[in-house]
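Each chain, letter by letter, is given below.
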Amino acid sequence: MPNNSDDKKAQGKKKKLYEQIIFRDWCKSCGICAAFCPKQVIGRNNAGEPVIERPQDCIGCRFCETHCPDFAITIIELNHGERKQA
Ligand code: SF4
Ligand code: SF4
């Protein structure tokens, strides 16, 4: 009987990567994205502007994207190190 458990385990260990893009012209530095990111991916600089500090920790929950009042941040899932084409 074939056993695919090893394959499934291998797939389960693949970590999805995401890119966080901030549109600076739209961002008003309100800090919502930094305050509520569950993985502390986003920090703030001395001017209060959001800064992507730990992109590798992003889990793609898109909380930042859906709660930004100015639609100034978007999340892109990366596959094999490249941007996913729409
Ligand atoms: S929530 Fe949006 S407007 Fe506020 S700091 Fe983040 S990207 Fe900028
Ligand atoms: S998608 Fe989620 S984990 Fe990633 S930066 Fe936004 S709030 Fe943080």
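Just above sits the structure.
Quick notes on the rules
Residues numbered from 1 in each chain as written. Chains lettered and ligands numbered in written order. Predicted model: local features only at pLDDT ≥ 70, side-chain atom pairs only at ≥ 80, totals over all residues. Near = placed C-beta within 6 Å. Nonpolar A, V, L, I, M, F, W, Y, C, P; charged D, E, K, R; others polar. Core = buried A, V, L, I, M, F, W, Y, C linked by C-beta atoms within 7 Å. Buried ≥ 20, exposed ≤ 12 C-beta atoms within 10 Å, placed from the backbone. Contact = placed C-beta atoms within 7 Å. Helix = DSSP H or I, 4+ residues; strand = E, 2+ residues; numbered from the N terminus.

(A) Focus on the site of ligand 1. Surveying the vicinity of ligand 1 reveals 13 residues, the closest of which are Cys27, Cys30, Ile32, Cys33 and Cys68. Here the shell around ligand 1 is composed, by residue class, of 9 nonpolar, 2 polar and 2 charged.

(B) Here's a closer look at the nonpolar core. Counting 10 residues, the largest nonpolar core consists of Cys33, Ala34, Cys37, Val41, Ile42, Cys58, Cys64, Cys68, Ala72 and Ile73. When sequence neighbours within four positions are dropped, the list of residues in contact with Cys33 reads Ile42, Pro50, Cys64, Cys68 and Ile73.

(C) Geometry of the site of ligand 2. Around ligand 2 there are 15 residues in total, and Cys37, Val41, Cys58, Cys61 and Cys64 lie nearest to it. Of the residues belonging to the shell around ligand 2, the class tally is 11 nonpolar, 2 polar and 2 charged.

(D) Up close: the environment of Glu53. Assignment of secondary structure puts Glu53 in the loop between β3 (50–52) and α3 (63–67). Given 14 C-beta atoms within a 10 Å radius, Glu53 is considered partly exposed. Between the alpha carbons of Glu53 and Gly43 there is a distance of 6.0 Å; along the sequence they are 10 residues apart. With residues near it in sequence (within four places) discarded, Glu53 still touches Val41, Ile42 and Gly43.

(E) Expanded view of the environment of Lys28. Here Lys28 lies in the loop between β1 (17–22) and α2 (32–36). Residue classification places Lys28 among the exposed positions, given that 12 C-beta atoms sit within 10 Å. Taking C-alpha positions, Lys28 is 9.8 Å from Cys68, a pair spaced 40 residues apart along the chain.

(F) Region of the structure containing unusual backbone geometry. Positive phi, close to 50°, is recorded for Gln40, a residue that is not glycine. Residue placement: Gln40 occurs in the loop between α2 and β2 (42–44). Residue class for Gln40 comes out exposed when judged on the 10 C-beta atoms lying within 10 Å of it.

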